[in-house]
Each structure stands twice: as structure tokens, then as C-alpha cells.
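Structural characterization, general
Okay, here's what each chain looks like letter by letter:
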Number of protein chains: 2
Amino acid sequence: MKAKIVVMPKQAVLDPQGKAIQNALTQMGYHGIGAVRVGKYLEIELTNSDPEAARQQIDAACHKILSNPVIEDYRFEIE
Amino acid sequence: MKAKIVVMPKQAVLDPQGKAIQNALTQMGYHGIGAVRVGKYLEIELTNSDPEAARQQIDAACHKILSNPVIEDYRFEIE
């Protein structure tokens with residue numbers, strides 16, 4: 001199984017990296033570019049065969065290690 | 001519309017950040033953790049209303065600016 005995790009800055013948190021990319025794209029001639037937000041994407045191979053146990057494990061890992069819950073949200077799927 | 005872009009290191013490229021996360025998870029008592037790969041995730045708001053034009057624009061931007069084609073692959077969807 002594989003866990004696919006997306007960690008994004010919360011909507012209320014400023015994202016200067018995204019703002020920089022937005023400005024860069026606009027200055028390079030790309031039109032119609034609105035807000036840009038940048039986060040992390042993780043793919044974790046799981047050797048565990050129980051989907052429910054894997055889900056709980058990944059949820060705990062996201063909350064404790066892989067994201068900062070003060071400023072980031074995460075979502076994930078197990079495949 | 002919104003473009004959702006994932007930029008990942010190519011399979012043949014070492015990913016030390018992923019390896020560090022794999023070691024950290026294992027040392028913190030999570031079992032069954034295999035290979036970990038870490039990439040970037042971008043969400044770009046598009047004010048353009050033509051999906052096909054947006055697709056071409058995002059593809060060009062990914063290739064030229066948002067990823068390094070030597071060591072990274074990208075994929076995206078327009079919603």
C-alpha cells in the first residue's frame with residue numbers, strides 16, 4: 001500500500017513562497033494567474049497490510065511529525 | 001479554475017529528505033514504513049476560463065519554472 005499525503009499552509013496563514021511564484025509567473029508573461037499556495041507532497045510505501053491500522057498510523061504521523069498543526073493542514077489517502 | 005500540481009524527484013534520483021523522514025518515522029516507533037519520497041504540491045488559482053489554454057499554460061510553466069526537468073517529474077490536473 002501507499003500513502004499519499006498533502007501538507008498545505010492553512011488558509012489564514014500567509015504563503016510568501018506562493019506569492020513569489022505568483023509574481024514570477026506573472027512577470028514571465030503567464031496571464032490569468034491568481035493566488036498560488038505551495039505545500040509538501042509525500043508518498044510513503046507501507047508494508048502494513050491492514051488499511052485501517054495504516055490509516056490510523058499515517059494520521060498520527062501527520063499530526064505529530066509530518067505537519068505543523070499550528071500553521072498547516074494535511075490530508076491523505078491510502079491506496 | 002484551479003490547477004493542482006505535484007512535482008516529485010525522479011525515481012532514479014536519490015531523495016535524502018525522504019530517507020530522513022523514513023528513518024525518523026521508524027525510530028519514533030512507526031512500523032511498516034517503506035520508502036518515502038517528498039515532493040512539492042502547488043495549487044494555482046486560474047482566472048482564465050478556457051480549460052485547454054489553461055492546460056497548455058500550466059504545462060509550459062511546470063516545464064520551464066516550477067520543476068527542474070533534469071531531476072524532477074511533474075503531473076497536474078485542472079479542476
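I will try to describe carefully the structure that is included in this document. Quick caveat, the model's predicted, so the values are computed rather than measured.

**Let's talk about the relation of the copies chain B and chain A**
- Aligned on chain A, chain B shows an RMSD of 0.0 Å; the corresponding rotation is 180° and the shift along the axis is 0.0 Å. In short, the pair behaves as if placed about a two-fold rotation axis. Within chain B, the C-alpha atom positioned nearest to the axis of rotation is that of Lys40 of chain B, 2.3 Å from it.
- Comparing interface residues between copies, 100% of those in chain B also lie at the interface in chain A; the contact surface is shared.

**With respect to the packing of aromatic side chains**
- This structure, assessed with the given rule, holds one aromatic pair over all chains.
- Ring geometry for Tyr41 of chain A against Tyr41 of chain B: centres 6.5 Å apart, planes inclined by 15°, an arrangement best described as stacked. Of this pair, Tyr41 of chain A sits in strand β2 (residues 33–46) while Tyr41 of chain B is found in strand β2 (residues 33–46), placing the two residues in two different chains. Take Tyr41 of chain A and Tyr41 of chain B: they sit in the same class, and that class is buried.

**Examining the sheet that holds strand β3 (residues 72–78) of chain A**
- Reading across from one edge, β3(A)-β1(A)-β2(A)-β2(B)-β1(B)-β3(B) is the order of the six strands in this open sheet, with antiparallel pairing throughout. Strands at the two margins of the open sheet, each flanked by one partner only, are β3 of chain A together with β3 (72–78) of chain B. Averaged over neighbouring strand pairs, the angle between their axes works out to 20° when direction is ignored.

Criteria and cut-off values
- Residues numbered from 1 in each chain as written.
- Chains lettered and ligands numbered in written order.
- Predicted model: local features only at pLDDT ≥ 70, side-chain atom pairs only at ≥ 80, totals over all residues.
- Heavy atoms only, no water.
- Least-squares fit on C-alpha atoms with pLDDT ≥ 70 in both.
- Contact = heavy atoms within 4.5 Å.
- Phe/Tyr/Trp six-rings, centres within 6.5 Å; stacked < 30°, edge-to-face > 60°.
- Helix = DSSP H or I, 4+ residues; strand = E, 2+ residues; numbered from the N terminus.
- Buried < 20%, exposed > 50% of the residue type's maximum accessible area, 1.4 Å probe, protein only.
- Pairing = 2+ DSSP bridges.
- Axes fitted to C-alpha atoms, helices over the stretch in contact; angles between N-to-C directions.

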